[in-house]
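Residues per chain are reported as follows:
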Amino acid sequence: MINSINQVKVPNSKQVRFVLGILGRSGYGKSTLAREIISKIHRKIIIDPKHEYHGLIVERPERLIYHVKVSGFSRRMNIVYRPHNEIDFEVGLSVMQKVQCYTLIAEEADKICDPHQINPAFKQITAWGRHDAQSMIWIARSPFEVNPRLREQADVIVSFRQDDLNAVRYMNSRGFDRDVSTLDKFEYATWGEVDVIKKLIGKAETGAKNTDKDP
Ligand SMILES: Nc1ncnc2c1ncn2[C@@H]1O[C@H](COP(=O)(O)OP(=O)(O)O)[C@@H](O)[C@H]1O
Ligand SMILES: [Mg+2]
């Protein structure tokens with residue numbers, strides 16, 4: 001049934017597709033920035049474990065299939081996925097892998113992957129999603145909480161303040177445009193192809209143009 005999902009829309013090659021990571025301490029502004037960005041883009045599926053997003057709340061993978069396939073995934077739709085258990089969570093991800101032309105927002109990305117393991121569908125979207133016109137925004141506290149693949153595949157990473165010494169050292173050595181240990185609340189540093197999402201974060205001019213593979 002899941003494999004029968006049709007193409008929702010032919011990918012538009014002119015659209016900018018990206019993987020954006022958002023990192024930083026709790027309470028420093030990650031989700032607020034994510035909400036600001038997603039308010040400017042169409043067709044979203046948000047994995048929302050903390051129940052903090054508005055939109056069409058979907059709790060079961062069958063309903064997810066219905067909304068992306070049967071009823072039509074319109075431009076204005078914010079699908080907010082809140083599965084009740086691990087199985088629904090994993091089935092939901094395999095559904096999302098087959099949807100084209102949308103942005104996946106993964107809150108608490110460390111719950112989907114850890115440094116040693118990554119859900120196969122999630123990995124696929126991260127690495128190959130651009131070919132299906134899928135973009136992704138993943139959100140986590142520390143760079144070391146998520147699988148290295150997420151960092152490797154990110155076009156841009158935004159980081160709010162980090163206090164863990166290893167994380168600070170690592171990120172500063174990778175060329176973020178500001179020292180992540182000195183950021184005030186709601187301030188962030190950037191790394192990567194900031195121009196790609198210039199419109200989305202409006203901070204491109206100060207972004208570092210670092211092309212290292214693993215930020
Ligand atoms: N740029 C900002 N200016 C003022 N308040 C903000 C800003 N960003 C976030 N906040 C507030 O700070 C609190 C924590 O923000 P949130 O985005 O939930 O943080 P995080 O997702 O990193 O835990 C929220 O109450 C939010 O309204
Ligand atoms: Mg948050």
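Placed above this text is the structure.
Residues numbered from 1 in each chain as written. Chains lettered and ligands numbered in written order. Predicted model: local features only at pLDDT ≥ 70, side-chain atom pairs only at ≥ 80, totals over all residues.

**Observations regarding helix H1 (residues 30–38)**
Line of reasoning, step 1. What H1 keeps buried is the set Lys30, Leu33, Ala34 and Ile37. One side of H1 carries all its buried residues, which in axial view fall inside an arc of 100°. (Buried ≥ 20, exposed ≤ 12 C-beta atoms within 10 Å, placed from the backbone. Helix = DSSP H or I, 4+ residues; strand = E, 2+ residues; numbered from the N terminus. Arc of directions from axis to C-beta.)

**A short note on the packing of helix H2 (residues 61–70) against helix H3 (residues 86–97)**
Line of reasoning, step 1. Across the interface, H2 lies against H3 with an axial gap of 9 Å and an inter-helix angle of 20°. As far as their axial angle goes, H3 and H2 are roughly parallel. The two elements H2 and H3 meet at a crossing, and its hand is right-handed. Seen from H2, the contacting residues are Pro61, Leu64, Ile65 and Val68; seen from H3, they are Asp88, Val91, Gly92 and Val95.
Line of reasoning, step 2. Residue classes in the contact of H2 with H3 are distributed as 6 nonpolar, 1 polar and 1 charged. (Axes fitted to C-alpha atoms, helices over the stretch in contact; angles between N-to-C directions. Parallel < 35°, antiparallel > 145°, perpendicular 65-115°, else oblique. Left-handed = near helix turned anticlockwise from the far one by under 90°. Contact = placed C-beta atoms within 7 Å. Nonpolar A, V, L, I, M, F, W, Y, C, P; charged D, E, K, R; others polar.)

**Quick word on the sheet that holds strand E8 (residues 189–192)**
Line of reasoning, step 1. With respect to topology, 8 strands assemble into an open sheet ordered E3-E4-E2-E5-E6-E1-E7-E8, the strand pairing being mixed. With partners counted over all chains shown, the strands left at the sheet margins are strand E3 (56–58) and E8, one partner each. Across the sheet, the axes of successive neighbouring strands diverge by a mean angle of 15°, strand direction being ignored.
Line of reasoning, step 2. Where strand E2 (residues 44–47) meets strand E4 (residues 78–81), 4 bridges bridge the pair, whose relative direction is parallel. If you follow Ile46 over to E4, its bridge partner there is Val80.
Line of reasoning, step 3. Across the sheet, H2 lies against E3 and E4, angled at about 140° from E3, the strand it touches most. (Pairing = 2+ DSSP bridges.)

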